[in-house]
Every structure is written in structure tokens, then in C-alpha cells.
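# Fold and geometry: a report
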Amino acid sequence: MTQETTTIPIAVVGASGYVGAELLRLLLGHPRAAIAGIYARSSAGQPLAQVLPHFAGRLERTIESFDAAAVAERARVAFSALPHGESVQVVSALAERGVTVLDLSADLRLRDPEVHASWYGGVPVSLPLRQRAVYGLPELYRRELAGAKLVAVPGCYPTGAILAIAPLLAAGLVQPDIIVDAKSGVSGAGHALTADHLYPEVTEGIRAYKVAGAHRHTAEMDQELSLAAGQRVHVMFTPHLAPMSRGILSCVYATPRNPDLAAGAYHEALRERWKGEPFITVLPPGQLPDTSHVRGSNRVHLSVAVDPRARRVLAISAIDNMGKGAAGQAIQCMNIALGLPETAGLDGVAAFP
Ligand SMILES: NC(=O)c1ccc[n+]([C@@H]2O[C@H](COP(=O)([O-])OP(=O)(O)OC[C@H]3O[C@@H](n4cnc5c(N)ncnc54)[C@H](OP(=O)(O)O)[C@@H]3O)[C@@H](O)[C@H]2O)c1
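Everything in this summary refers to the structure shown in the same document. Throughout this description, residue numbers start from 1 for each chain and increase along the sequence as written. Only residues with pLDDT of 70 or above have their local features reported here, since the model is predicted, and side-chain atom pairs are shown and tallied only from 80 upward, although totals for entire chains, interfaces and linings are computed over all residues. Calculation of side-chain values draws on the structure's entire complement of heavy atoms; hydrogens and water are dropped beforehand.

Where helix α8 (residues 156–170) meets helix α11 (residues 263–273), the closest approach of the two axes is 9 Å, and the angle between their N-to-C directions is 105 degrees. Taken together, α8 and α11 sit at an angle that is classed as roughly perpendicular. Contacts between α8 and α11 involve L163, A164, P167 and L168 on the former and, on the latter, Y266, A269, L270 and R273. In this classification, Asp, Glu, Lys and Arg are treated as charged, Ala, Val, Leu, Ile, Met, Phe, Trp, Tyr, Cys and Pro as nonpolar, and every other residue, Gly included, as polar. Class assignment of the residues belonging to the contact of α8 with α11 gives a composition of seven nonpolar, no polar and one charged. Axes, fitted as lines to C-alpha atoms, cover a helix only where it is in contact. Angles between the N-to-C directions of the axes lie from 0 to 180 degrees. Only DSSP runs of H or I reaching four residues or more are called helices, and only runs of E reaching two or more are called strands; each is numbered from the N terminus. Oblique is the label for any angle not under 35 degrees, not over 145, and not in the 65 to 115 range, which are roughly parallel, roughly antiparallel and roughly perpendicular in turn. Contacts between residues were defined by any pair of non-hydrogen atoms, one from each residue, lying within 4.5 Å.

Structure follows, in C-alpha cells:
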């Protein structure tokens, strides 16, 4: 059998944003990807290297205004890295034209339209479109992703939290009362200018935000962890803004069902569940995840500890919000959907230090 080597024409919509830029960076290193078009709104008409100078000499293209018919003519696959509420129009226009679409926004992640409306409001998304979208967490939905034409790529915080605790919930080792305490780099907020994301306001400090059920990613964690546990899970989620540009460290707290179970049992459950996963490493006991060890990569570092005095299990994950939390994961989904090797374009290690 001959190995297919033709290139796959790919469009990136929202190419001037942080996630769009990371998609382009990774796709430039992908053995089968060819960038067929790059699209954005206010930066349309400008050379990419003028908007994002790190592409100078590497990707000499002009950013264009989005036009569904033109994209469908040029590209077989499109990534939509637009704000939620805006993305769904683009996704729906491309899906209708037969393009394989990976949506990085939250528009199609929640399975129940009423739950989506209660968290995001806005224009309702057509139910058939929502039902067609596969939730793009390959470690849970690899089978559904094979051949998928529409993928709702998970949020960054949910990715870190779900990979840390879903196996323990699924194995019935912990109760469904989950606390997620996570710290994110500032790139998680995108490149739009807001005063509270200016350098002097984020450096040398750390703050919680959208606490006590106010952050929209809570709904996604509830949804996926409930499915993993086979019973209703309500997550208490506290996000923090940390003085770094990339990375998410998630500390996920749960109550053990058996208070006498030692840490080794939880460690083994994680190791067993993620055995063979190309991007997940369950660190040896005693080693703890650090965002600087996954920075710039699609990798996930996990560990688990038990505090018998407090009767709590603590699962910890580190991911790069731009990598496994967004662009890397989207490309992993594309690879699976198209039947390519899952790690194609994604086997780089972290940029450390
Ligand atoms: N940042 C993260 O860590 C992260 C992680 C996972 C998922 N996400 C999701 O990924 C999406 C993009 O996030 P981001 O952080 O990259 O945001 P961002 O930096 O603000 O970029 C948004 C991009 O969308 C473009 N845009 C906005 N409206 C448009 C329209 N109507 N037509 C064409 N282009 C349009 C912008 O172009 P102009 O600037 O040229 O107008 C820009 O390129 C969001 O839905 C976000 O929730 C982000």
C-alpha cells in the first residue's frame, strides 16, 4: 500500500488572534498541511507578518476578509478561532459547503441548547448543527472523531480539569463533588485590549475572577464530568489569572469514596486510563506538574496526591492553554478526523525554560 502524501489545503479564520497564530505556527510544521487562506476582521487587507511579525520570512500571506464560498473553494479543512457568538455563523456556512470544520469557540460545545442559552445567551444555534458536532477531546471521543466533519474543540480550562479527574470519577474512586482551582496565563483572554490585562495590572500579582459558578467553562466541566461519572456532577470552579503568558495549572479536589485508599491506587487509575495516550504523561509519584514543562507543546502532565487528614484527593494537571488547551488539540482532532497519524505536527516538546 502506498502512503498518501498529498497536502491538505487548510483555512484559518481568526488568524490574527492568539489561537489563530498558534494554529498557523503548528500547521507550518505539519507534514501534510498547506495554508490555503487566512482570515480575520479588522486586520483584513494587511500582510500577516505586519500584524504578527514572528511570521516574517516564513508565511508571506495577506489576511483576507472571510467569504464562505471562497474558503470552501480553496480549503478542505477550516479552523474557526473566532469569539463565541461570531464563530457559529462561519462554522455553519462552511459546514453547509462540505468543509471539515474545527470550531475553537464555545458555540457548539454544550450539548443541550437550553444549557448553552442559559450560559451564553445570544442567537440560538440550530439543533442539527449542535448535534453534528463531536466534542473534540480525543482521549474521550477518539472513535467519534474518526471521520468527523464538525468538531467543537473543548475549552482550555475544561481540558485541564477533565483529563485530571475524569478517570477517577469514571472508576468510582471519588464522589461527584469536585472543586477545580486553576491558574491561567494571560493569553487565555485573547489579544483584545482591556485595561485589566495590561502588563502592569497582571505582572507581580495573581487574582481570582468569575468565581462561584460565574465562569462559563463551569458548564462544560459539569457536562463532561457528569458523562464520565455516569451521574450528575456539579463543579465548583475558581479560575485565576497568573502573571505568565501561557499555561494552565489545575488543582482538582475530590472526596474519596474509600478514605483508606492510598495515593498509589489513584495514581494507578490515572496511569491505566491514559496508558498509550500520545500526549499524556502521568508523572512518577513525588513529581508535580509545572506549566513551564509543557509550554509550547501539546503535552499534558498529570499527578495525583492524597491528604488522609483532610480526606481529599488532589489531581493536578499542567497544559499549555494555546497548545492542548486550543490549537494543538484542534490539530490533534483534525488528524484523527482525516485518518492521519494523531501526532502529526504535534510531537514537539516544551520550549523550556
Ligand atoms: N486564548 C485561549 O487560550 C483560548 C483557548 C481555547 C479556546 N479559545 C477560543 O478561541 C477563540 C479565539 O480566541 P483568541 O484568544 O485567539 O481570541 P483573539 O486573540 O481575540 O482573536 C480573535 C480573532 O477573531 C477575529 N475575528 C473576530 N470577529 C471576526 C469576524 N466576524 N470575522 C473574522 N474574524 C473575526 C479577530 O480578528 P481581528 O482582530 O483582525 O478583528 C481575531 O483574529 C475564542 O472563541 C476563544 O474563546 C481561546
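After that view, the rundown keeps rolling.
Within a regular strand, the side chains alternate between the two sheet faces. Residue burial is assigned from relative accessible area. The probe radius is 1.4 Å, only protein chains are included, and a residue is buried under 20% of its type maximum, exposed over 50%, and partly exposed in between. Going residue by residue along strand β4 (residues 100–103), you find T100 and L102 tucked away on one face and V101 and D103 tucked away on the opposite face as well. A crossover connection joins strand β3 (residues 77–80) to the parallel β4 through helix α4 (residues 87–96); in handedness this β-α-β unit is right-handed. Think of it this way: DSSP has to see at least two bridges between two strands before they count as a pair. One ladder, built from three bridges, connects β4 with strand β6 (residues 150–152); its direction is parallel. Pairing of V101 across the sheet is with L150, part of β6. For crossovers, right-handed means that the path from the first strand over the helix to the second runs clockwise, given strands pointing away from the viewer.

Here we come to α11. Residue pairs three or four apart in sequence face the same way in an α-helix, which turns once every 3.6 residues. Taken as a whole, α11 has its buried residues at Y266, H267, A269 and L270. Within α11, the buried residues cover an arc of 160 degrees as seen down the axis, which keeps them to one side. If you follow the buried residues of α11, they end up packed against α8, β11 (280–282), β12 (300–307) and β13 (312–319). Each direction from the helix axis to a C-beta atom contributes to the arc, which is the arc of those directions.

These figures capture arrangement, not role.
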